[in-house]
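A look at the structure
The lines below spell out each chain.
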Amino acid sequence: MSSTSAHTHELASVSAVICSFRRLDMLRDTLVSLRSVHPIDGIACEIVVVDNDPEQGAAPLVARLQQGWAAHSTLRYLHEPQTGLSHARNCGIENTAGDIIAFLDDDILVEADWLQQLVHCFVTTGAECVGGRAPVCWEDEPDPSVRACQDHLASFDLGDTAHEILGPAQPIGANLAFPRRVFADGLRFATNLGRIGGLLLSGEDTELVEAIRIRGGRVWYCASAVVHHRIGGNRLTRKFYVQRHYWFGVSRSVMDRARGGLTYQLTRALGGALFLPVVHIPAWLWASVTGDA
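Basis of the calculations
Residue positions within a chain follow its written sequence, with the count starting from 1. With pLDDT at 70 or above as the cut-off, local features in this predicted model cover only qualifying residues; side-chain atom pairs require 80 or more to be listed or tallied, and sums for whole chains, interfaces and linings still use all residues. The basis for every side-chain value is the complete set of non-hydrogen atoms in the structure, without hydrogens or water. To qualify as a nonpolar core, a set must consist of buried Ala, Val, Leu, Ile, Met, Phe, Trp, Tyr and Cys residues joined through side-chain atoms within 4.5 Å. Residue burial is assigned from relative accessible area. The probe radius is 1.4 Å, only protein chains are included, and a residue is buried under 20% of its type maximum, exposed over 50%, and partly exposed in between. Contacts are assigned to residue pairs that have any heavy atoms within 4.5 Å of one another. Salt bridge, as used here, is a side-chain nitrogen of Lys or Arg placed within 4 Å of a carboxyl oxygen of Asp or Glu. Secondary structure counts use DSSP, requiring at least four H or I residues in a row for a helix and at least two E residues in a row for a strand, with both numbered from the N terminus. Any two of the Phe, Tyr and Trp rings considered here, Trp counted by its six-membered ring, make a pair once their centres fall within 6.5 Å; the pair's planes then place it as stacked at under 30 degrees, edge-to-face at over 60, or tilted in between. Only when the NZ of Lys or the CZ of Arg is both within 6 Å of the ring centre and within 35 degrees of the ring normal is a charge said to sit over the ring. Here, a strand pair is defined by DSSP locating no fewer than two bridges between the strands. A clockwise path from the first strand over the helix to the second, with the strands pointing away from the viewer, defines a right-handed crossover.

Another point: the nonpolar core. In terms of nonpolar packing, the biggest core is built from 68 residues, with Leu31, Leu34, Ile47, Leu104, Trp114 and Phe178 touching the most fellow members. Beyond its immediate sequence surroundings of up to four residues, Phe178 is in contact with Asp99, Ile100, Ile101, Phe103, Phe122, Glu128, Cys129, Phe183, Phe189, Leu208 and Ile212. Residues Leu153, Ala154, Leu236 and Phe240 belong to the second largest nonpolar core, which totals 9 residues.

Here you go:
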């Protein structure tokens, strides 16, 4: 606590934003874990639920939890009726006041020192984006091939040491934070990307992080700011990840078209297609022969 407190003079508050859409059991567990987060001297913390359900299904749950909530933080409820994860995240940006805005999924459980470690990383690095570690926590046993590839499919873990993220690696939206200053000139999550109900369009966090990098911002991995990403249901199956990666390909095409126009979009698509016969098909054939899940 003392080392973190010594470096927090530049910050006064943190807003932890959880966007949710009709997953009340998961959301309740996430909020209960956040209630136990260790406080930081001199730092105000607000937990903000952005309910993306037009029927405001999460409102009674939040109201119940607000009674007897932890004294070192506050719990607030916001409603964003326009369905779509990007709309919900932007609502969180525009209706909170924290010097740091930390986005969390509604299916995670946070470690008790998550907030301390996150703030310490921002203060010591001055980064424009910090992605914390998010190991997977399976709710049931996944398909064998999903289990074998879980580090690539379901978790975000770049090791035990904090470092700047360079190259193509990207943090994930389940544990992703920014200083408020990056949004001062109107930068927001792209509303033509991001999940909308059951539609698996994605890439809004990738697009935002890329925009920050283009502006010269630094992206850091914070190994010690840990959340556990709970995964169950249909997300235990190969079919789900095939569909998700297909939709990320669609999302990538949307991002490329918006960033560089049709020529850039087609060039990127052609470059990606060349990997199919050169890399992916041989790898798949070798895995089939060797029985590698």
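All right, on to the pattern of salt bridges then. Scanning all chains against the criterion turns up 16 salt bridges. With a closest N to O distance of 2.5 Å, Asp106 and Arg23 form a salt bridge. Of the two residues, Asp106 sits in the loop between β4 (100-104) and β5 (108-110) while Arg23 sits in the loop between β1 (13-20) and α2 (24-35), which places them 83 residues apart along the sequence. With relative accessibility at 28%, the residue Arg23 sits in the partly exposed group. A salt bridge links Arg89 to Glu204, with the shortest nitrogen-to-oxygen separation between them at 2.5 Å. Pair noted here: Arg89 is in helix α4 (residues 85-94) and Glu204 is in helix α8 (residues 204-214), with a separation of 115 residues, a long-range link. Residue class for Arg89 comes out buried when judged on its relative accessible area of 3%. The structure contains a network of salt bridges with shared partners spanning Asp25, Arg28, Asp29, Glu139 and Arg230.

Let's shift gears to the packing of aromatic side chains. The full count for this structure, using the stated rule, is 6 aromatic pairs. Between the aromatic rings of Phe156 and Tyr221, the centroid separation amounts to 5.7 Å while the plane-to-plane angle is 85°, which identifies the pairing as edge-to-face. Within this pair, whereas Phe156 is found in the loop between α7 (150-153) and β8 (163-164), its partner Tyr221 is found in strand β10 (residues 219-231), the two being separated by 65 residues in sequence. Residue class for Phe156 comes out buried when judged on its relative accessible area of 6%. The buried category is assigned to Tyr221, whose relative accessible area is 0%. The ring of Phe103 has Arg89 lying over it, and the distance from NZ or CZ to the ring centre is 6.0 Å. Cation over ring: Arg89 sits above Phe189, and NZ or CZ is 5.1 Å from the ring centre.

Turning next to the pairing of strand β6 (residues 129-133). With respect to burial, β6 is a largely interior element, 5 of its 5 residues being buried. Pairing of β6 with β10, which is carried by 5 bridges, proceeds in the parallel orientation. Bridge pairing links Val130 to Trp220 in β10. Pairing analysis gives 2 bridges linking β6 to strand β9 (residues 175-179), with the strands arranged antiparallel. By the bridge assignment, Gly131 is partnered in β9 with Leu176.

Before going further, it helps to spend a moment on the pairing of strand β2 (residues 44-51). Of all the 8 residues making up β2, 7 are buried; the element is thus mostly covered by neighbouring parts of the structure. Here 8 bridges tie β1 to β2, and the two strands are oriented parallel to one another. Paired with Val14 across the two strands is Cys45, which belongs to β2. On the question of chirality, the crossover connecting β2 to the parallel strand β3 (residues 73-79) by way of helix α3 (residues 59-66) is right-handed.

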